[in-house]
Amino acid sequence: MEGKIDPRNYDDLLKIVSSIKSQIGEQLVDIMIIGFDSLTDLIQNAITLPYSQIKGFPKSKINDNPESLVFGEIDGKNVVCVQGRFDKNEYNMDLGLCALPVRVMQLLGAKIMIVSNAAVGINGKLKKGGLMLIKDHIFVPGLAGWSPLNGCGDERYGSPFVPVHDAYNRGLRKLAIKVGRKCNINLSEGFFTMTGGPQLETSAELRLLRKFGADAVGTSTCHEVTVARHCGVKVLGFAWITNAVGAYSDDALDASKQFGPQELEFLVEIIKDIQI
Ligand SMILES: O=P(O)(O)O[C@H]1O[C@H](CO)[C@@H](O)[C@H]1O
Ligand SMILES: Nc1nc2[nH]cnc2c(=O)[nH]1
């Protein structure tokens, strides 16, 4: 869609929101879901809005997967699935831009974000195919100055000094553990680390991150979580262990290709039980 948008300009953000509203009507949004692209098949009364119809949403030149917002319901809850994460390396590490869907969904009403990523397990216990519930994170680009909050000086954003010590909501984590037991999901809790990518890590870097307390390493999520907390959205996060150290493949880097029916059922059960 025509029109240059600055993802840090609050008035531009409002323009994006109103352009979406004019296309989806009074559709309610309570839960935003990022990184579970195949969940879109389970959304009832779905309204699909391709990124090409959304002002300011970039169209990837490298990603062949669908890129759209899919609004609708899961078991009576109002959800939106952000299908096709903005890839920070394609967009020159512009993490403010890459977390734009989070801000837009919050302005559309979202109060909870469920987010996931493809990651490598480095604690010796996390095996390929496993799922890690994120308890806390180490945001390496954020520590080095690549904050998605850079440039968000408009007072309507609120203070940039957002506390993130409890970014991953305790109540939602408890719920995920309870539902995991019911759905027979082997769920472990741990610390996730986001690196800058797109290159993966050397063995020495992985050893360093392990010493720092990381259990799983990936290249997304922390910027989205930071922005979610900045705008008051509660977070539930997962790292899908899609490969073991040293056993990389293109498929292993695509989390959405890994979800089976059991994982999707797990997510649906969580959504059913979430109190908004
Ligand atoms: O969006 P997430 O799940 O982080 O997936 C990413 O993970 C891979 C490397 O971490 C990248 O190629 C990208 O697909
Ligand atoms: N950063 C990072 N992300 C991944 N996603 C899947 N595997 C990896 C990995 O080894 N490193």
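Rules and cut-offs
- Residues numbered from 1 in each chain as written.
- Chains lettered and ligands numbered in written order.
- Predicted model: local features only at pLDDT ≥ 70, side-chain atom pairs only at ≥ 80, totals over all residues.
- Heavy atoms only, no water.
- Helix = DSSP H or I, 4+ residues; strand = E, 2+ residues; numbered from the N terminus.
- Buried < 20%, exposed > 50% of the residue type's maximum accessible area, 1.4 Å probe, protein only.
- Contact = heavy atoms within 4.5 Å.
- Areas by Shrake-Rupley, 256 points an atom, 1.4 Å probe, with all protein chains shown as cover.
- Lys, Arg positive; Asp, Glu negative; His and termini not counted.
- Charge placed at Lys NZ, Arg CZ, Asp CG, Glu CD.
- Pairing = 2+ DSSP bridges.
- Salt bridge = Lys/Arg side-chain N within 4 Å of Asp/Glu carboxyl O.
- Expected span 1.5 Å × (residues − 1).
- Disulfide = S-S within 2.5 Å.

**A short note on the overall build of the protein**
Stage number 1. The helix and strand tally for the protein stands at eight helices and nine strands.
Stage number 2. In terms of principal-axis extent, the alpha carbons of the protein reach across some 50 × 40 × 35 Å.
Stage number 3. Burial status across the protein gives 53% buried among its 276 residues.
Stage number 4. Partitioning the intrachain contacts of the protein with sequence separation of at least 6 by distance along the chain shows that 82% fall at a separation of at least 24.
Stage number 5. Approximately 12,600 Å² of the protein is accessible, and the part contributed by carbon and sulfur atoms is 51%.
Stage number 6. Between the mean site of the 30 positive side-chain charges and the mean site of the 31 negative ones, the protein shows a separation of 7 Å.

**Focus on the pairing of strand β3 (residues 68–74)**
Stage number 1. With six of its seven residues buried, β3 lies for the most part within the structure.
Stage number 2. Where strand β2 (residues 44–50) and β3 come together, five bridges link them in antiparallel fashion. Bridge pairing in β3 links leucine 49 to leucine 69.
Stage number 3. As paired strands, β3 and strand β4 (residues 77–83) are joined by seven bridges and run antiparallel to one another. Residue pairing across strands places phenylalanine 71 opposite valine 80, the latter belonging to β4.
Stage number 4. Between β3 and β4, which follow one another and run antiparallel, lie two residues, and aspartate 75 among them has a positive phi close to 50 degrees.

**Some points on unusual backbone geometry**
Stage number 1. Between glycine 197 and the following residue, proline 198, the backbone shows a cis peptide bond with an omega angle of -5 degrees.
Stage number 2. Looking at the element boundaries, proline 198 is found in the loop between β7 (187–194) and α6 (203–211).
Stage number 3. In this model, asparagine 184 sits at a positive phi of 60 degrees, which is unusual for a non-glycine residue.
Stage number 4. Within the secondary structure layout, asparagine 184 lies in the loop between α5 (170–182) and β7.
Stage number 5. Although it is not a glycine, threonine 221 sits at a positive phi angle of roughly 85 degrees.
Stage number 6. Position of threonine 221 relative to the elements: it lies in the loop between β8 (216–218) and α7 (222–230).
Stage number 7. For threonine 221, a relative accessible area of 0% gives the class buried.

**Overview of the environment of valine 80**
Stage number 1. Structurally, the position occupied by valine 80 is in strand β4.
Stage number 2. Under the relative-accessibility criterion, valine 80 is labelled buried at 0%.
Stage number 3. C-alpha separation for the pair valine 80 and aspartate 6, spaced 74 residues apart in sequence, amounts to 23 Å.
Stage number 4. Among residues more than four places away in sequence, those in contact with valine 80 are Val29, Ile31, Met32, Ile33, Leu69, Val70, Phe71 and Met105.

**Some words on the pattern of salt bridges**
Oppositely charged side chains may form a pair once their charged atoms are brought near each other.
Stage number 1. Going through the model one piece at a time under the given rule, you end up with twelve salt bridges.
Stage number 2. Aspartate 94 serves as the salt-bridge partner of arginine 8, at 2.9 Å between the closest nitrogen and oxygen. Of this pair, arginine 8 sits in the segment before α1 (10–24) while aspartate 94 sits in the loop between β4 and α2 (95–98), and the two are 86 residues apart along the sequence.
Stage number 3. Overall, arginine 8 belongs to the partly exposed group, its relative accessible area being 24%.

**Details of helix α8 (residues 261–273)**
Stage number 1. Between its terminal C-alpha atoms α8 stretches 18 Å, which fits the 18 Å expected from 13 residues at 1.5 Å a residue.
Stage number 2. The complete set of buried residues in α8 reads Glu263, Leu264, Phe266, Leu267, Val268, Glu269, Ile270 and Ile271.

**Details of the state of the cysteines**
Stage number 1. In this structure the tally under the stated criterion is zero disulfides.
Stage number 2. Free cysteine cysteine 152: the closest other cysteine sulfur is in cysteine 231, separated by 10 Å.
Stage number 3. Taking relative accessible area as the criterion, cysteine 152 reaches 5% and is therefore assigned buried.

Function cannot be inferred from these measures alone, as they are strictly geometric.
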